[in-house]
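Single-letter residue listing:
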Amino acid sequence: MITCTFGLVLKLIASIIGLFIVSVRVGCATFLQPSSVLDIGMQHGGSDNVSVIRTYPKKVKVEFYMESLCIDCQRFMLEQLHPAYALLGDSVMDLTIVPYGNAKIDTAKKQVTCQHGAAECDANSFEQCAIQLYPYASRYLPFIYCLDQSLSMGYDDKLIPRSLFAECARESAMDFSVIAACHDDVKQAWRLQRKAAKATPKEHKYVPWVVIDGQHAMDEDKDSFLNIVCQAYQANGGHHAACQDETAHGAVSTVK
């Protein structure tokens, strides 16, 4: 039989609703009554503290590999990624965007060749700098979304006017002067191009290329991105109203 020394401490707390909370100290653990208080755990080892424990579902890790002048990347951003993020936000999605895509890098010559010309390499650099300086998706996503609404997609070797990037920075509450300084710093811009090249999966076959929880999990042209993210979140024990609404309107795509 385990013998504990019992001492009773009664505290009366008056409130307008006449709520009484009784704190009962029992040996090496403290309990709070009434038992309707949620998420209260016991702390052992002689401590009188009460630990409040809350558990949250694991976020869905989403990686979006893209390039700035790709029309399919633009379509995915405008029609799938941005609307889904607007509904679910960073409480559900751990989002990473990498602007590089199908570019080729020559480390010996320190050159990058982009699928859609010099304008795309330049725009990728502005986006890479924005991500570096504002590293949370909730901050840099509006900038990239704005550019996808504004840029002319397709091949172009003529650089895009800076005023366009400056306007999107302003609309996204970013300081364009620091983004431009990053872009114009040859060593920094080269470092970020190499970083993006290294981060882009070598096995990617096209862009947009979307990886969900470590797997290339969808046909970007056909599958519902929101459905797949919701399915992954629900598998982690999560629940979100937008996911319930989405899955109620059709079959949930299967993660490959």
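Nothing here was measured: the structure is a model prediction, and the numbers come from that model. (Residues numbered from 1 in each chain as written. Predicted model: local features only at pLDDT ≥ 70, side-chain atom pairs only at ≥ 80, totals over all residues. Heavy atoms only, no water.)

A.B. asks: Looking at this structure, I do not really get the nonpolar core. What am I missing?
C.D. replies: Nonpolar side chains tend toward joint burial in soluble globular proteins. One finds Ile97 and Phe225 to be the most contacted residues of the largest nonpolar core, which totals 56 residues. Residues Ala103, Cys114, Ala197 and Trp209 belong to the second largest nonpolar core, which totals ten residues. (Core = buried A, V, L, I, M, F, W, Y, C linked by side-chain atoms within 4.5 Å. Buried < 20%, exposed > 50% of the residue type's maximum accessible area, 1.4 Å probe, protein only.)

A.B. asks: I would appreciate a short explanation of unusual backbone geometry in the present structure.
C.D. replies: For residues other than glycine, phi is negative in most cases, and the peptide bonds are mostly trans. Across the junction of Val207 and Pro208, the peptide omega takes the value 0°, indicating a cis bond. Its place among the elements puts Pro208 in the loop between helix 6 (186-199) and strand 10 (209-212). You will see that Ala173, though not glycine, has its phi angle at about 60°, which is positive. With respect to the helices and strands, the residue Ala173 is situated in the loop between helix 4 (162-171) and helix 5 (176-184). Of note in the backbone geometry, Asp213 takes a positive phi value of approximately 50° without being a glycine. Looking at the secondary structure, you find Asp213 in the loop between strand 10 and strand 11 (215-216). The class of Asp213 is partly exposed, set by a relative accessible area of 32%. (Helix = DSSP H or I, 4+ residues; strand = E, 2+ residues; numbered from the N terminus.)

A.B. asks: When you look at the sheet that holds strand 11 in this model, what are you seeing that I'm missing?
C.D. replies: The strand order across the open sheet built from four strands is 7-6-10-11, with neighbouring strands paired in mixed fashion. With one partner strand each, in any of the chains shown, strand 7 (93-99) and strand 11 form the two edges of the open sheet. Of the pairings in the sheet, the one linking strand 6 (residues 60-66) to strand 7 comprises seven bridges and is parallel in character. Across the sheet, residue Val60 finds its bridge partner in strand 7, namely Met93. Strands strand 6 and strand 7 of the sheet are contacted by helix 3 (residues 137-150), whose axis makes an angle of about 45° with strand 7. (Pairing = 2+ DSSP bridges. Contact = heavy atoms within 4.5 Å. Axes fitted to C-alpha atoms, helices over the stretch in contact; angles between N-to-C directions.)

A.B. asks: I would appreciate a short explanation of the side chain of Glu127 in the present structure.
C.D. replies: In this fold, Glu127 is placed in helix 2 (residues 118-133). Buried charge Glu127 goes without a salt bridge, the closest partner of opposite sign being Lys195 at 14 Å. Those residues in contact with Glu127 that sit more than four places away from it in its chain are Met66, Ser68, Pro99, Phe143, Ile144 and Leu147. (Lys, Arg positive; Asp, Glu negative; His and termini not counted. Salt bridge = Lys/Arg side-chain N within 4 Å of Asp/Glu carboxyl O.)

A.B. asks: Just to check I follow, could you spell out the state of the cysteines for this structure?
C.D. replies: A disulfide bridge is the covalent bond that connects two cysteines by way of their sulfur atoms. A complete count under the given rule lists four disulfides for this structure. The disulfide bridge from Cys129 ends at Cys182, spanning 2.1 Å between sulfur atoms. With the S-S bond torsion at -80°, the cross-link from Cys129 to Cys182 turns out left-handed. Of the two residues, Cys129 sits in helix 2 while Cys182 sits in helix 5, which places them 53 residues apart along the sequence. Pair check on accessibility: Cys129 and Cys182 agree, each one buried. Disulfide pairing places Cys146 opposite Cys168 at an S-S distance of 2.1 Å. In this structure the cystine formed by Cys146 and Cys168 twists about its S-S bond by roughly -75°; its chirality is therefore left-handed. In this pair, Cys146 is assigned in helix 3 and Cys168 in helix 4, connecting sequence segments 22 residues apart. Exposure remark for Cys168: the relative accessible area of 1% places this residue in the buried category. By sequence-ordered numbering of the bonded cysteines, the chain has its disulfides arranged as 1-2, 3-6, 4-5, 7-8. (Disulfide = S-S within 2.5 Å.)

As far as function goes, none of this settles anything; it's purely spatial.
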